[in-house]
Amino acid sequence: IRDRVKELTVYNIDIQFYELNDAIGSKRYHEAMSLTRNLYDRGVFPLVIVTALENYFRSLTVCNEFLKRYSVIVTDDSREGYFRFKNQLQQQKENWLTEVTSLEEGKLLQQSPYALYRRFCIAKQYSSITLMKKYMMIIDAERDLKTSSIDPAVVLESLVASLVV
C-alpha cells in the first residue's frame, strides 16, 4: 500500500532523500538502488542526488566526531535505545550547544530527535577513514557527472553500489 500511495500522490522529495540516505547508511542495497532509480526516473537532476549524498556523508562525519567527543548514548537501533538517547538529548542539548565547534554541529543538534538518533546509529558503524573514503567516492562521481561522457544513470548506480558496501 505504501508504494501505491507514493505513486498516487506528490511524494515530498525531502522524504525521498531521507529514505535514500537511510537505506545507504543502513546498507540496504536493493532499497538504495531502487530509490536512486526512482529519483532519477522522476527527473531529479543527477548532481542534485550526488549533492544530497555529499551532505549526508558530511553530516555522518560530523556525527562521528561528535560521538567521539561526547558520551552520547547510542547503544542500538531499537525503541528502547531511542528513548535512552532522547532522554540524554533533553538533558544535555543545552550543554552540547554551548560547546559545539562548528556551524554543522549546531545544525545537526537542531534536527528532530529521531532523525538525529538514526544519524548517530549509522555514523557509529563507520570509522573516520571509511567515511572519508566514501566522501571521496562522492566527489569522484560528481566530477564524472560534470566532465565525462558516462551515462549519468550508470554513475549514480555505481556510486550508490559503492556507498552501500
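Counting starts from 1 at the beginning of each chain's written sequence and moves along it residue by residue. The model is predicted, so local features are restricted to residues of pLDDT at least 70 and side-chain atom pairs to those at 80 or more, both for listing and for counting; the totals for chains, interfaces and linings are taken over all residues. Water and hydrogen atoms play no part in the side-chain values, which are based on all heavy atoms of the structure.

Peer 1: Can you help me understand the environment of Tyr70 in this one?
Peer 2: Each helix is a run of DSSP H or I of at least 4 residues and each strand a run of E of at least 2, with the numbering of both proceeding from the N terminus. Position of Tyr70 relative to the elements: it lies in the loop between α4 (46-69) and α5 (79-99). The exposure class of Tyr70 is buried, given its relative accessible area of 11%. Between the alpha carbons of Tyr70 and Ala141 there is a distance of 33 Å; along the sequence they are 71 residues apart. Once residues lying within four places of it in the same chain are set aside, the contact partners of Tyr70 are Trp96, Glu99 and Val100. Any pair of nitrogen or oxygen atoms within 3.5 Å is treated as a polar contact; in protein, a donor-acceptor pairing is required on top of that, and neighbouring residues in sequence qualify only through side-chain atoms on both sides. For Tyr70, the side chain forms a polar contact with the main-chain oxygen of Glu99, separated by 3.4 Å. Exposure categories follow from relative accessible area, calculated using a 1.4 Å probe and restricted to protein chains: below 20% of the type maximum is buried, above 50% is exposed, and the middle band is partly exposed. Here a residue-residue contact requires only that any non-hydrogen atoms of the pair lie within 4.5 Å.

Peer 1: What is the right way to read the packing of helix α2 (residues 13-25) against helix α7 (residues 113-123) from this model?
Peer 2: The description of two helices packed together rests on the angle between their axes and the distance between the axes. A fitted line through C-alpha atoms serves as each axis, taken over the contacting stretch for helices, and the angle formed by two N-to-C directions is quoted from 0 to 180°. It is at 10 Å that the axes of α2 and α7 come closest, and there the two elements cross at 30 degrees. By the criterion of interaxial angle, the relationship of α2 to α7 is roughly parallel. You can see that α2 and α7 cross each other, and the crossing is left-handed. Touching Tyr18, Asn21, Asp22 and Gly25 of α2 are Tyr114, Ala115, Arg118, Arg119 and Ile122, all from α7. When grouped by side-chain class, the residues that make up the contact of α2 with α7 number four nonpolar, two polar and three charged. In this scheme, roughly parallel covers angles under 35 degrees and roughly antiparallel covers those over 145, while 65 to 115 is roughly perpendicular and the rest are oblique. Each helix crossing is assigned a hand: it is left-handed if the near helix lies turned anticlockwise from the far helix by less than a right angle, otherwise right-handed if that turn is clockwise. Following the grouping adopted for this structure description, the nonpolar residues are Ala, Val, Leu, Ile, Met, Phe, Trp, Tyr, Cys and Pro, the charged ones are Asp, Glu, Lys and Arg, and the polar ones are all others, Gly among them.

Coordinates in, geometry out; function isn't part of it.
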